[in-house]
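This is what each chain is made of:
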Amino acid sequence: MKTIATNILLMAAIFCSHTILAQTETDQVKQVMKKYKETLESLDVSESYALFTEDSQVLEQGKIEGTYRDYIANHIGPELGHFSSFTFSEYVIEVVVDLPYAFTTESYVYNIVLKDEDKKVERKATATSILKKIEGDWKIIKTHSSSRAKN
């Protein structure tokens, strides 16, 4: 009887530690995605490079943009200079961790106010990302987003 009770306690401890580890990994992945969103909202992506691998791949609106550095240099970077604000709302994220990878699905509404035209753009969007744990840190290796007019 003592052996059965010991085995049950041991199995419970292993299960609990695995659950805590999985939650910690999930929280770390969410933090990376949150930081990426915050850099976009700040209109300053200079601190976002560390969130991505050097050979990352960005896909947006049906186009392969290249690496994250390519995306910043040739797409979103120049666009941010025309924004007076860029905010996210109705943000929901789902994370699945399967070490050493994590998979995210995000849904949100983004609002952009253009500087010169004082025009507001509001879009409903989704994004999926693949992250990999590299030397203890989660890095985005691939991200794909798309949006449509909010109805």
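Analysis parameters
Residues numbered from 1 in each chain as written. Predicted model: local features only at pLDDT ≥ 70, side-chain atom pairs only at ≥ 80, totals over all residues. Heavy atoms only, no water. Core = buried A, V, L, I, M, F, W, Y, C linked by side-chain atoms within 4.5 Å. Buried < 20%, exposed > 50% of the residue type's maximum accessible area, 1.4 Å probe, protein only. Helix = DSSP H or I, 4+ residues; strand = E, 2+ residues; numbered from the N terminus. Contact = heavy atoms within 4.5 Å. Pairing = 2+ DSSP bridges. Expected span 1.5 Å × (residues − 1).

A. Spotlight on the nonpolar core. Tyr68, Phe86 and Leu131 are the most contacted members of the largest nonpolar core, which has 29 residues in total. Listed by contribution, the elements that provide at least two residues to this core are helix H1 (2–42), strand E1 (52–60), helix H2 (68–80), strand E3 (83–98), strand E4 (101–114), strand E5 (120–134) and strand E6 (137–149). Among all residues touching Phe86, those that are not within four sequence positions of it are Leu40, Glu41, Leu43, Leu80, Tyr110, Asn111 and Ile112.

B. The pairing of E5, seen in detail. In terms of strand pairing, E4 meets E5 through 13 bridges, oriented antiparallel. Each residue of the ladder has a partner; that of Asn111, found in E5, is Glu122. Between the end of E4 and the start of E5, which pair antiparallel, lie five residues, with Asp118 showing a positive phi angle near 50 degrees. Bridge count between E5 and E6: 12 bridges; the pairing is antiparallel. Its bridge partner lying in E6, Thr128 is registered against His144. In this structure, the hairpin formed by E5 and E6 is closed by a connection of two residues, where Glu135 is found at a positive phi of approximately 50 degrees.

C. Structural context of H2. Taking 1.5 Å of rise per residue, 13 residues should cover 18 Å, yet H2 covers just 15 Å from first to last C-alpha, more than 12% shy of that figure. Restricting attention to buried positions, one finds in H2 the residues Tyr68, Tyr71, Ile72, His75, Ile76 and Leu80.

D. Focus on the pairing of E3. The sheet contact formed by E3 and E4 spans 13 bridges and is antiparallel. Among the inter-strand pairings, Ser89 is bridged to a residue of E4, identified as Val109. The turn joining E3 and E4, which pair antiparallel and follow one another in sequence, is formed by two residues.

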